[in-house]
Every structure is written in structure tokens, then in C-alpha cells.
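# Structural features, examined
Spelled out, the chains give:
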Amino acid sequence: MRWLVISVCLLLIIGFWWIWLNPYSFKFSDTTLEIDQEAEHRVFAFGTLTNPFVRSLVIFGYVPTEPGTLEGYRRYGLDLLPDEDATTEGRVFYVTATQLRRLDRYERVGVKYERYLYTLSDGEPAWVYRLISNINPVPAE
């Protein structure tokens, strides 16, 4: 029984490392490498990153959030689809460049998701992650 507990703990540790810290399974895209290192980056989350526990695990720290909305898109699973009559509700938060790279790794930017700058309902831009298969980017105005 003891070996089973040790094995499960070891698998969890390796899994955590592989997903969030592993430098071998993920290569940063040009979008990630060209971010302003000194700025705070605004992010709009509508899926798993709205959960404070998940968000804190991914960025290695707590950041306060506020409600936010993105007009012209409807949520479809873990993605957004253009729909001029829809509004997607989510959470808005600010991160450092290092934390944004951690979010990019979590979202597998360039492999599974892409990060785009959209203008939210409050008129301010924020980074939004979208599945690659459904990307129809609309840049911030």
C-alpha cells in the first residue's frame, strides 16, 4: 500500500512538472517572446482560468479578478465563436510578463491555442486565448 501511495504522488509530481514547467515539450511562439517585459498584461478568461485555484497554480501566485465581457462572441466549449448577437462573460486580471508566459505554456500557445488582443466591452484591450481550429482573430481597435 505504501508503494502505491508513493507511486501516485510521484506520478502527480511528474505530471505537474510536465504540464507546467517542462522546457522539453513546449516551445514559445514569436507572440510570447515579443511581449513587453516591464508592462502588466490584461487577460480575459472565460474557461478554466476563471477558477482561482487553477489560475494560481498556473501563474504561481494569486491575482485579483474582476468581471468582464466580450461582445460579438459566444462560448463554445473551451473556445469562442464569432456571433454578433452574443456576449461572453468571464474574468479579467493583470499579470506580469513571466506570468503571461506561464499562461501561454498552460494554454500551449502555438500548439493548441493562440493568444490574441481583443477589445472588451469596457473599451479596453485584453489578451484572449482561442483554440487554433476556430481562430477568426479580430484585433483590438
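We now turn to the structure provided with this report. (Residues numbered from 1 in each chain as written. Predicted model: local features only at pLDDT ≥ 70, side-chain atom pairs only at ≥ 80, totals over all residues. Heavy atoms only, no water.)

## Some thoughts on the overall build of the protein chain
To keep things clear, this is the line we draw: Per the convention used, a helix needs a DSSP run of H or I reaching at least four residues, while a strand needs a run of E reaching at least two, with both numbered from the N terminus. Categorising residues by exposure relies on relative accessible area from a 1.4 Å probe, with only protein chains included: less than 20% of the type maximum marks a residue as buried, more than 50% marks it as exposed, and the intermediate range marks it as partly exposed. We call two residues in contact when some of their heavy atoms are within 4.5 Å. We get accessible surface area from the Shrake-Rupley algorithm with a probe of 1.4 Å; when it comes to residues, only the shown protein chains can shield them.
Scanning the protein chain for helices and strands turns up 4 helices and 5 strands. In the protein chain, the order of α-helices and β-strands from amino to carboxyl end is α-α-β-α-β-β-α-β-β. Across the 141 residues of the protein chain, 35% fall into the buried class. Taking the contacts inside the protein chain whose residues are at least 6 apart along the sequence as the reference set, 61% of them involve residues at least 24 apart. Surface exposure of the protein chain reaches about 8600 Å², of which carbon and sulfur atoms provide 59%.

## A few points about the packing of aromatic side chains
Quick note on the threshold: The pairing test for Phe, Tyr and Trp rings, Trp by its six-membered ring, is centres within 6.5 Å, and the orientation test on the planes gives stacked under 30 degrees, edge-to-face over 60, and tilted for anything in between. Criterion for a charge above a ring: Lys NZ or Arg CZ within 6 Å of the ring centre, and within 35 degrees of the ring normal.
All chains considered together, the criterion is met by 2 aromatic pairs. It is R55 that lies over the ring of F93; its NZ or CZ is 5.3 Å from the centre. Directly above the aromatic system of W127 lies the positively charged group of R115, at a separation of 4.2 Å from the ring centroid.

## Observations concerning helix α4 (residues 97-107)
Turning to α4, its buried residues are A97, Q99, L100, L103, D104, R105 and E107. Just beyond α4, the residue with positive phi is R108, at close to 55 degrees.

## Quick notes on unusual backbone geometry
Across residues other than glycine, the phi torsion is negative in most instances, and most of the peptide bonds are trans. The backbone phi angle of F60 is positive, close to 60 degrees, even though this residue is not glycine. For F60, a relative accessible area of 40% corresponds to the partly exposed category. With phi around 55 degrees, R108 is a residue other than glycine that occupies positive phi space. Assignment of secondary structure puts R108 in the loop between α4 and β4 (113-119). When its relative accessible area of 17% is taken as the criterion, R108 is described as buried.

## Digging into the side chain of Q99
The condition that has to hold: Under the rule applied, a polar contact is a pair of N or O atoms within 3.5 Å (in protein, one hydrogen donor and one hydrogen acceptor; residues adjacent in sequence only if both atoms are side-chain atoms).
For Q99, the position within the fold is in helix α4. A polar atom in the side chain of Q99 sits 2.9 Å from the backbone nitrogen of T96. Here Q99 is in contact with I59 and V63, once residues within four sequence places are set aside.

## Section: the pattern of salt bridges
Filter applied, for reference: Criterion for a salt bridge: a side-chain nitrogen of Lys or Arg within 4 Å of a carboxyl oxygen of Asp or Glu.
Within the structure shown, the criterion is met by 4 salt bridges. We note a salt bridge from D122 to R42, for which the minimum N-O separation is 2.5 Å. One end of the pair, D122, is in the loop between β4 and β5 (125-131); the other, R42, is in strand β1 (residues 41-45), and 80 residues separate them in sequence. For D122, a relative accessible area of 47% puts it in the partly exposed group. With relative accessibility at 9%, the residue R42 sits in the buried group.

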